[in-house]
Amino acid sequence: LGFAAVDRKADPTALRSSLEAGPYLAEDALRLKLIDRVGQVREAEQAMLDKAGDGAQSVEFDKYTDAVRVRARPGGDVIAVIEAEGPVLTGKGQGSNPFTGGASIYSDDLAGAILKAAKADSVKAIVLRLNSPGGSDTASEQILDAIRVAKTKKKPVVVSMSTYGASGGYWIASEASAIVAQPTTLTGSIGVYGGKFAVAPALARFGIDVRPTSVGGDYAGAFGLGQPFTAGQRAAFAGWMDRIYSNFIARVAAGRKLPEARVREIAKGRVWTGAQAKDIGLVDKVGGFYQAVDVAKNLAGLTGEVPLRRMTPSEGTLEALQKALGVSATSARTLAAAAWVFGDPRAQEIIDRAAEARLRSQGGGMVLAPMPIR
């Protein structure tokens, strides 16, 4: 605490009180001077480069070789195609939990792919083929920020919705240059919900005593799985959800050029088909992928035949192993899961997280509910 107080130029007693009263939303942490700035990963990377001095740059080897290939490839102007499918999660796909199956959208990977397309001189527009029922608001905002960057570089971003473009998926699409949805796409679901499992009574039936330990104020232990929310914790958590919901409304209002009052009328977690969404202003055009390509082409002022360049984030480790060894991804996951459990004494924690991830990755139910928060 002493080192932290010196670093933050804060009184140790006041800093302890602030830390123990958390956790906080980013804006509140900024107000309390617990952080220096609210921003995205790319901004943190730029801050490091600024600290490093003139001419500093950060280059990963695989991205460097990809960039070399893009520059060396002839053919003139192209439209980048980036595919994104599954629940929206924070972080990277590599090293993800082996117990989970199915596709997922990882914010670092997808935002990185969009930024890479935005920086490529030959890319004049981006089509994001999206199929997502929702997910983390933090991850969705990171991806939306990458879309904003691409637009500032005069590269229109057109979202082409597949089966789903709802909740966190719609958050991602909200400020795109244009949104194209299929007639039966399930979209909208502009809302937010959150909660926790209180499992102490259930575990007590098996002789397991769950007693949370925490340091600080009442809210510091709010997310413990032992007991339900207290009245104070519930009120604080509800305020958190309200803030995120207001942020969602603001993104949609800005991106769709609609009054916030109108967005609130059509929000509230309700789901619309693509055809309905067109009528109420949530999408620009009803159509499929190639109609979205035509929209991107027109927005970029391109004529004639324009090649498409697939710039989807790289496949995960398990899918790569499947191709290399000729085994199924399911078998690879099983082997990886066994190695993970028997080699890690924290196996129970992993299993718990796997159960949560499995709930998120299921289709149906989550699609028709507002955006889940983790």
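As a reminder, the structure under discussion sits directly above these lines.
What counts and how
Residues numbered from 1 in each chain as written. Predicted model: local features only at pLDDT ≥ 70, side-chain atom pairs only at ≥ 80, totals over all residues. Heavy atoms only, no water. Salt bridge = Lys/Arg side-chain N within 4 Å of Asp/Glu carboxyl O. Helix = DSSP H or I, 4+ residues; strand = E, 2+ residues; numbered from the N terminus. Buried < 20%, exposed > 50% of the residue type's maximum accessible area, 1.4 Å probe, protein only. Expected span 1.5 Å × (residues − 1). Pairing = 2+ DSSP bridges. Right-handed = clockwise from strand over helix to strand, strands pointing away. Polar contact = N/O pair within 3.5 Å; in protein donor to acceptor, adjacent residues only side chain to side chain.

Q: Kindly report on the pattern of salt bridges, identifying the contributing residues and their values.
A: Proximity of charged atoms lets side chains of opposite charge pair with each other. In the structure shown here, the tally under the stated rule is 14 salt bridges. Residue Asp36 pairs with Arg8 through a salt bridge whose shortest N-O separation is 2.9 Å. Within this pair, whereas Asp36 is found in the loop between α3 (26–31) and α4 (41–52), its partner Arg8 is found in helix α1 (residues 2–8), the two being separated by 28 residues in sequence. When the shortest N-O distance is used, the salt bridge between Arg243 and Asp28 registers 3.4 Å. Of this pair, Arg243 sits in helix α10 (residues 231–256) while Asp28 sits in helix α3; the two residues are 215 residues apart in sequence, bridging distant segments of the chain. On the accessibility criterion, Arg243 (33% relative accessible area) is partly exposed. If you follow the salt bridges from partner to partner, you end up with Glu27, Asp28, Arg31 and Arg243 in one network.

Q: Which residues make up α10, and what are the values?
A: Here α10 is 26 residues long and its end C-alpha atoms lie 37 Å apart, about the 38 Å a rise of 1.5 Å per residue gives. One or two positions beyond α10, positive phi appears at Lys257, with a value near 55 degrees.

Q: How would you sum up the pairing of strand β5 (residues 157–166)? Please name residues and give values.
A: In terms of burial, β5 is a largely internal element, eight of the ten residues being buried. In terms of strand pairing, strand β4 (residues 123–132) meets β5 through six bridges, oriented parallel. Paired with Val127 across the strands is Val158, a residue of β5. Read as a crossover between parallel neighbours, the route from β4 over helix α7 (residues 137–152) to β5 is right-handed. In this structure, β5 lies alongside strand β6 (residues 178–181), joined through four bridges in parallel fashion. Each bridged residue has a counterpart across the sheet, and for Val159 the counterpart in β6 is Ile179. Two elements, β5 and strand β7 (residues 186–188), share three bridges in a ladder whose sense is parallel.

Q: If you had to explain the side chain of Ser136 to someone new, which residues and values would you point to?
A: Secondary-structure assignment places Ser136 in the loop between β4 and α7. At a separation of 3.2 Å, a polar atom in the side chain of Ser136 contacts the main-chain amide nitrogen of Thr138.

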